[in-house]
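# Structural features, examined
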Amino acid sequence: MLQTVTAAKNLTVDDLFALGEDIREELIHGEIVSKAFSGAEHQTHEGALVLWAGRRFNRNAGGRWPGGWWILAEIHTVYDTHEVFCHDIAGWRRDRLATPSGWIRVRPDWVCEVLSPSHEKRDLVDKLGVLHAAGVPDYWVIDHDEKILFMYQHHPEGYVMHTVSSGAVINARPFDAAELRTAVLFGDEDDED
């Protein structure tokens, strides 16, 4: 269950940073919120996507895989004075972010959250609005209980959502240069490619 560290609102990134650099708290709408520690199932699904995307994209461009990205797990991203999220996974194109270091203040090109009951509203409501306002092109949400991947694509009027269930084979933005078997995300298949 998410716990509020303080009831004070309109706290800033400076208030959050004062807690230390290696924290699990987030700043959501000016309120410091503890991010629950991930359970084994959550980590399994997060890890599967980090491994799939990391192998193919978290490298310099060229070679067998497309490359050209930084793919990072559990990374603090500063969106504005009152919004700092510790994303399950986030990615930046290397031509937009030279080298990741500390809390990143450049908006990601892709974000993925793995749903858990204590974070569902945060991931599907609170973060969705902030990410859209910041112009994050692609936002994925993995629902491991229902075995559904929600893919939100940025459009000026709002995100357009596409859903894919386990067993599908897709080439999905922003990673459409590589085939993704969604069963890999849900532990139904191994990533043999």
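The structure this text deals with has already been given above.
Within the protein one finds four helices and ten strands. Helices and strands appear in the protein in the N-to-C order α-β-β-α-β-β-β-α-β-β-β-β-β-α. Against the globule reference of 16 Å for 193 residues, the protein gives a C-alpha radius of gyration of 16 Å, in line with a compact fold. Projected onto the principal axes, the alpha-carbon positions of the protein cover approximately 50 × 35 × 35 Å. Every one of the 193 residues in the protein was classed for burial, and the buried ones make up 49%. In the structure as shown, the protein presents an accessible area of about 9100 Å², 49% of it carried by carbon and sulfur atoms. For the protein, the centre of its 18 positive side-chain charges and the centre of its 32 negative side-chain charges are spaced 5 Å apart.

With that out of the way, let us pick up the nonpolar core. Core analysis: the biggest nonpolar cluster contains 22 residues, and Leu-49, Trp-52, Trp-110, Trp-140, Ile-142, Leu-149 and Phe-175 have the highest contact counts within it. At the level of elements, helix 2 (40–57), strand 3 (69–80), strand 5 (110–114), strand 6 (138–143) and strand 7 (148–155) are the ones that each hand at least two residues to this core. No other element matches helix 2, which puts four residues into this core. If near-sequence neighbours (up to four positions away) are discounted, Leu-49 is found in contact with Gly-54, Ile-89, Trp-110, Cys-112, Trp-140, Ile-142 and Leu-185.

The subject of this paragraph is the pairing of strand 8 (residues 158–165). Pairing geometry for strand 7 and strand 8, over eight bridges, is antiparallel. Looking across to strand 8, one finds that Leu-149 is bridged to Val-164. The antiparallel hairpin formed by strand 7 and strand 8 contains two residues in its connecting segment.

With that settled, consider unusual backbone geometry. Going from Arg-173 to Pro-174, the amide bond is cis rather than trans, its omega being 5°. Tracing the backbone through its elements, the reader meets Pro-174 in the loop between strand 9 (169–170) and strand 10 (180–181). Phi is positive for His-29, close to 55°, though the residue is something other than glycine. Unlike most non-glycine residues, Lys-147 shows phi in positive territory, near 55°. Looking at where Lys-147 falls in the secondary structure, it is placed in the loop between strand 6 and strand 7. Classification of Lys-147 by relative accessible area gives partly exposed; the value is 31%.

Parameters and conventions
Here the residue numbers are simple positions, counted from 1 along each chain's written sequence. Per-residue local features of the predicted model are confined to residues with pLDDT of at least 70, and side-chain atom pairs are confined, for both listing and counting, to 80 or more; whole-chain, interface and lining totals are unaffected and use all residues. Calculated side-chain values reflect all of the structure's heavy atoms, with hydrogen atoms and water omitted. Going along the chain from the N terminus, every DSSP run of H or I of four or more residues is numbered as a helix, and every run of E of two or more is numbered as a strand. For a compact globule the rule gives 2.2 Å times the number of residues to the power 0.38, and the radius of gyration it is set against comes from C-alpha atoms. Three exposure classes are used, based on accessible area relative to the maximum for each residue type with a 1.4 Å probe and protein chains only: buried under 20%, partly exposed in between, and exposed over 50%. Values of accessible area rely on a 1.4 Å probe in the Shrake-Rupley scheme; residue burial ignores everything except the protein chains shown. Neither His nor the chain termini are counted; the positive set is Lys and Arg, and the negative set is Asp and Glu. One atom stands in for each charge, and that atom is NZ of Lys, CZ of Arg, CG of Asp or CD of Glu. As used in this record, nonpolar core signifies buried Ala, Val, Leu, Ile, Met, Phe, Trp, Tyr and Cys residues forming a set joined through side-chain atoms within 4.5 Å. We call two residues in contact whenever any of their non-hydrogen atoms come within 4.5 Å of each other. Here the rule is simple: two strands pair whenever DSSP picks up at least two bridges between them.

These values are about where atoms sit, not about what they do.
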